[in-house]
Amino acid sequence: MEDSRPSTPAAPPQDLWSSILDSVSSTRSIPSKQVLLLGPPSSGKSLLVSALLQKPVPADDSNDASRTNFALGYDWTDVRDEGDEDTLARLSVYTVPSDARAYTALFPHFLPPRTALPHTLVMIVLDWTRPWTFVDDLQTWLKWVEEWAKGDAAREVEIVREENHERLQAHLQHYTEPSADAFPATSNLTSNAVLPLGPGTLTHNSAGVPIVVVCTKADLIDEGSDLGAGASGMGAMVKGKGGEWEEQTDGVMQVLRTICLKYGAALFYATPQPSTLSVLRQYTLHFLFTPPVPSPGVAPGTEAPAPIRNPFVFHHRPNTLDRDRIVVPAGWDSWGKIGVLREGFEARVWGEAWDADLAEGSENEDAAGAKRMYRTLVPDQGAKPPPLPPFNAPMAEQAFLAKHYDENSKKPDRDPRGAFRNPTETATAGIVGPLGSSSFSLPTVEKALADMETGLGGSGALNASVNGDASRRLSRGGARPTSGLPAVGGPAASTTGRAPTSPTPSAPQSSTGGQTQHEVLQNFFQSLLSSKDRAGASAAASRAAAAGAPSLPRSDGSPGGTDDAS
């Protein structure tokens, strides 16, 4: 008996506690999901964040003007069950303020597609106060989602993309409208009868990203009064409830449903009312926790595995009639249901126009695509930026100066002195200055000229006076011997009756002789200059003759010399 007992007890495994902790942590692990919120500024994203996280809106976010937009907004919360006992999931919300490249380039560093793609839902926000921007915003954001989901194009990323696409496709194919029973006994995921996707369904979104398009401020659609640009910005689109109003809003909804169908996305209209926001939060959690694709088949004789249930069941039925609370879940819609809303809408044409825009790129605005068709349906009522001024090509400096020189030379008033002239005078500027103007008139000169022109008697008296002085000087000098140079006033220089050069003009002409006032002035000043030169030369010659000539005897026999004054 004693030999049957073991000598030493069996040693416990060394990783006993580690295995226990791993098992407990695996059974109680909390899944983490992310929501990526995209949209233009001031489109109501802060209200959606508060509704998804069930947190009050911060006071700073209530005013769009004072709100601070960070490069990438982030917030999170724990999602609990109805009894608020257990934590079912952890929900994180990332917010991109705008479609600027500086913002969108940061997101792949926080959520790389390789790890975040199976756990991320994209929510695109559209603003009903600017309905003419719906198609442009959708093209911008959906293109960015496709680029982000590609990642670095590694093999691991391609596998994740394929699995995600299969899960989304299975969700669309097995969709059934909610019933009264909250927990149905059977799941449509285990059904072997799988219907193919309809035309225009999931033709894009190759990565299978869950997408929800939310049109905020839908309560402004039902306003009965005309909405100006200051009220909601919708301009002349909303005219109250009527045929035109219903046709436009139904056309917008048909376009949005056609685009969402191509990406396997859901469409919701949201208002500040808590009821619409609560429905949106329930569907977001339901879409995030979509179960994976079941195995394709089970070997005969083996029991099928239990279907995986979605912990967040969505109970609300689709609604396409109430324009302020539209609910179109992914997988419910089709081209036939879209055409029933209003006759004359061709979903196939809009789908082809959308593909044409994606193929040609957003640079060609005049292409016959969805953007151009949508502008016909909803005219642009937004504020237009001011036009740019025309390009100013400056003229070369020398060409500019030559041009203005030629222009100024042809102007009759190019002389700035003309501003001081009397407009009644026709005389032009003279050589010696602007003396033709009354502002620069010289009264003394004018009086002297008038005396010279009209007073011939005064001129004769002046000449007689000069000749009398010369005769007296000659009588006192007597007959003097002359040298090689004649004496001033002698017979060799001039005759007795000839008057010497006078400062006054020798032959004054009257105004009737053909000379203008400026010519008379010119002759006057020229005579002054010439008489001065001649007088200087004559004085120098006289002094030289007196110094070098010999003394002549007088008539009375006395030695020669100068005359005595007595």
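Quick caveat: nothing in here was measured; it's all calculated off a predicted structure. Sequence positions are assigned chain by chain, starting from 1 and proceeding in written order. Owing to the predicted nature of the model, reporting of local features is limited to residues with pLDDT of at least 70; listing and counting of side-chain atom pairs is limited to 80 or more, with chain, interface and lining totals taken over all residues. Note: side-chain values were computed over all heavy atoms of the structure, leaving out hydrogens and water.

## Regarding the overall build of the chain
Here a strand is any run of E in DSSP of at least two residues, a helix any run of H or I of at least four, and the numbering for each starts at the N terminus. Helix and strand counts for the chain stand at 16 helices and seven strands. In this scheme, a residue with accessible area under 20% of its type's maximum is buried, one over 50% is exposed, and one in between is partly exposed, where area comes from a 1.4 Å probe on protein chains only. Across the 566 residues in the chain, those meeting the buried criterion constitute 32%. It only takes one pair of heavy atoms within 4.5 Å for two residues to be counted as in contact. A separation threshold of at least 6 residues defines the contact pool for the chain, and within that pool the share at least 24 residues apart is 72%.

## A word on the sheet that holds strand S7 (residues 327–328)
Read across the sheet, seven strands follow the order S2-S3-S1-S4-S5-S6-S7 without closing on themselves; strand pairing throughout is mixed. Across the chains shown, the open sheet's two edge strands, defined by having one partner strand only, are strand S2 (73–80) and S7. Where strand S1 (residues 32–38) lies against strand S4 (residues 120–127), five bridges are found, and the strand directions are parallel. By the bridge assignment for S4, Val35 is matched with Leu121. Orientation is described by axes fitted as lines to C-alpha atoms, over the contacting stretch for helices, and by angles from 0 to 180 degrees between their N-to-C directions. Those strands touched by helix H2 (residues 45–53) are S1, S2, strand S3 (87–96), S4 and strand S5 (211–216), and its axis lies near 170° from that of S3. Its contacts with the sheet put helix H6 (residues 134–150) on S1, S3, S4 and S5, and the angle it makes with S4 is roughly 165°. A pair of strands counts as paired when DSSP detects no fewer than two bridges linking them.

## Observations concerning the packing of H6 against helix H11 (residues 347–360)
Where H6 contacts H11, the two axes come as close as 12 Å, and the packing angle between them is 60°. The orientation of H6 relative to H11 falls into the category oblique. The interaxial crossing formed by H6 with H11 has right-handed handedness. Along its contact with H6, which presents Val135, Leu138, Gln139, Leu142 and Lys143, the element H11 presents Trp354, Asp357 and Leu358. Residues that form the contact of H6 with H11 fall into these classes: five nonpolar, one polar and two charged. An angle below 35 degrees is read as roughly parallel, one above 145 as roughly antiparallel, one from 65 to 115 as roughly perpendicular, and any other as oblique. By convention, the crossing between two helices is left-handed when the near helix turns anticlockwise from the far helix through less than a right angle, and right-handed when the turn is clockwise. Residues were grouped as follows: Ala, Val, Leu, Ile, Met, Phe, Trp, Tyr, Cys and Pro as nonpolar; Asp, Glu, Lys and Arg as charged; and all remaining residues, including Gly, as polar.

## Some points on the confidence of the model for the chain
For the chain, per-residue confidence averages 74 on the pLDDT scale, and residues scoring 70 or more make up 60% of the total. Think of pLDDT as the predictor's per-residue confidence, scored from 0 to 100. Counting contacts from residues 456–467, a segment whose pLDDT is below 50, to residues more than four positions away or on other chains yields eight contacts.

## A look at unusual backbone geometry
In the Ramachandran plot, Gln54 falls in the positive-phi region, its phi being about 55° despite a non-glycine side chain. Mapped onto the elements, Gln54 comes out in the loop between H2 and S2. With relative accessibility at 59%, the residue Gln54 sits in the exposed group.

## Looking at the packing of aromatic side chains
Pairs were defined over the aromatic rings of Phe, Tyr and Trp, the Trp ring being its six-membered one, requiring ring centres within 6.5 Å. Orientation was assigned from the angle between planes: stacked under 30 degrees, edge-to-face over 60, tilted for the rest. As enumerated under the stated definition, the model contains 14 aromatic pairs in all. With a centroid separation of 5.2 Å and an interplanar angle of 40°, the aromatic rings of Phe268 and Tyr283 are classed as tilted. Of this pair, Phe268 sits in strand S6 (residues 266–269) while Tyr283 sits in helix H9 (residues 274–288); the two residues are 15 residues apart in sequence, bridging distant segments of the chain. Across the pair, exposure class does not vary: Phe268 and Tyr283 are buried alike. Residues Phe524 and Phe525 carry aromatic rings whose centres are separated by 5.4 Å and whose planes lie at 70° to one another, so their mutual orientation is edge-to-face. You can call Phe525 partly exposed: its relative accessible area is 39%.

## What about the environment of Glu146?
Inspection of the secondary structure puts Glu146 in helix H6. Residues contacting Glu146, with those up to four places away along its chain left out, are His204, Asn205, Ser206 and Tyr263.

## Regarding helix H12 (residues 370–377)
Turning to H12, its buried residues are Ala370, Lys371 and Tyr374. Each buried residue of H12 lies within a common arc of 95° when the element is viewed along its axis, so the set occupies one face. For this quantity, the arc is that covered by the directions from the helix axis to the C-beta atoms.

## Quick word on the packing of H11 against H12
In the contact formed by H11 and H12, the axes pass within 7 Å of each other and the chain directions differ by 125°. By the angle between their axes, H11 is oblique relative to H12. Side by side, H11 and H12 meet where Val349, Trp350, Ala353, Trp354 and Asp357 of the first sit next to Ala370, Lys371, Met373 and Tyr374 of the second. Residues of the contact of H11 with H12, tallied by class, amount to seven nonpolar, no polar and two charged.

## Brief notes about the environment of Pro56
Within the element layout of this structure, Pro56 appears in the loop between H2 and S2. C-alpha of Pro56 to C-alpha of Ser46: the two residues are ten residues apart in sequence and 9.9 Å apart in space.

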